[in-house]
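Chain and residue survey
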Amino acid sequence: MCGRYTTEIETDERELFRMLARAEQNAQPSAEPHLMHGEAPIAAVSGREVFPSERAAVLASGMNGETDAFMFRWGFDAEIGGKHRLLINARAESAAEKPLFAVHLRQRRCVIPTAGFFEWAHVGRRADPARKYRFNLPGTGILYLAGMYRPSPTSPDGWEFVVLTREANDSMRPIHDRMPVILRTEHVEEYLGSSVSARMLLSETPPVLIKKLVS
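To keep things clear, this report deals only with the structure shown in the data block. (Residues numbered from 1 in each chain as written. Predicted model: local features only at pLDDT ≥ 70, side-chain atom pairs only at ≥ 80, totals over all residues. Heavy atoms only, no water.)

Turning our eyes to something else, we now look at the pattern of salt bridges. As enumerated under the stated definition, the model contains nine salt bridges in all. Arg73 is the salt-bridge partner of Asp77, the closest N and O atoms lying 3.1 Å from each other. Exposure remark for Asp77: the relative accessible area of 14% places this residue in the buried category. The salt bridge involving Arg173 is made with Asp170; its shortest N-O contact spans 2.4 Å. When its relative accessible area of 40% is taken as the criterion, Arg173 is described as partly exposed. Among the ionic contacts, a cluster of salt bridges with common partners joins Arg73, Asp77, Arg150 and Glu160. (Salt bridge = Lys/Arg side-chain N within 4 Å of Asp/Glu carboxyl O. Buried < 20%, exposed > 50% of the residue type's maximum accessible area, 1.4 Å probe, protein only.)

As C-alpha cells, this is what we get:
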C-alpha cells in the first residue's frame, strides 16, 4: 500500500522542485476557479512527509489538454457500510470494475511526483517498534506514483486523489505485500493521455526499488 510519502529532495532534483512549485502557484487565489484549493492544509513545496487528507502536488491534464501541476487533497471521502472512511489507495487490479473508481480511472488519471514513499515493518519481536523504510528508484531522486482524482463531494472548488497500488515485487515484498504503482518518467504522459495505455501500464511488472532504513 502507500500511506505516506515524501517530497523531501535528497539530491539536486530541480525537476521535482519545479513541479511542486508550479502546483503551489496554481493553488493561489489568482488561479482559475477549477484549480482553487479547499480548506485542507497545503503540504509544503518540499522538505516534508505528506500525510493522508493533506493537499499535495499532482500532475494532471489541464483545461487546455496539457499536463500541469495542481494541488489536490489526498483521499476520497466515502461512506462504506454506513461509516465514513477516507480511502487513500485503490487496487489497480480491480479499480476499473469498482463503481467508486471506474469513471475516474477512465477520465481523471493523475500522477503524483514524490521523492520516495515510506513503509513500516516489524523486525524481530512483534512487540518491538516497527521500523520505517524509504523506497526509491535507483539512480534518480524522483518517484512517480499512478493515481486518479475526482471533484470533492464536500468542497465545491476542491479535488481529491487516491494512489493506485498493486501486488508487491521482490524488492518490496519483505516489507509489505502491496506497493504503489510506479511510473517511469517516459510513461507519465502516456498514462495521463490514454486510458488504453494506462490500463497496460498498470499491469506492467513494477521496477526494482531500493530501500533505506529511516528509523
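So much for the structure itself; the text now carries on.
Next up on the list: the packing of aromatic side chains. Under the counting rule described, the total for this entry stands at nine aromatic pairs. A ring pair is formed by Tyr5 and Trp74, whose centres lie 5.1 Å apart and whose planes are at 50°; its orientation type is tilted. Within this pair, whereas Tyr5 is found in strand E1 (residues 5–6), its partner Trp74 is found in strand E4 (residues 67–74), the two being separated by 69 residues in sequence. An aromatic cluster is present here, built from Phe70, Phe72, Tyr149 and Trp159 joined pairwise through their rings. Above the plane of the ring of Tyr191 lies Arg109, whose end atom (NZ or CZ) is 6.0 Å from the centre. Here the guanidinium or amino end of Arg150 rests over the ring plane of Phe76, the centre of that ring lying 4.4 Å away. (Phe/Tyr/Trp six-rings, centres within 6.5 Å; stacked < 30°, edge-to-face > 60°. Helix = DSSP H or I, 4+ residues; strand = E, 2+ residues; numbered from the N terminus. Lys NZ or Arg CZ within 6 Å of the ring centre and 35° of its normal.)

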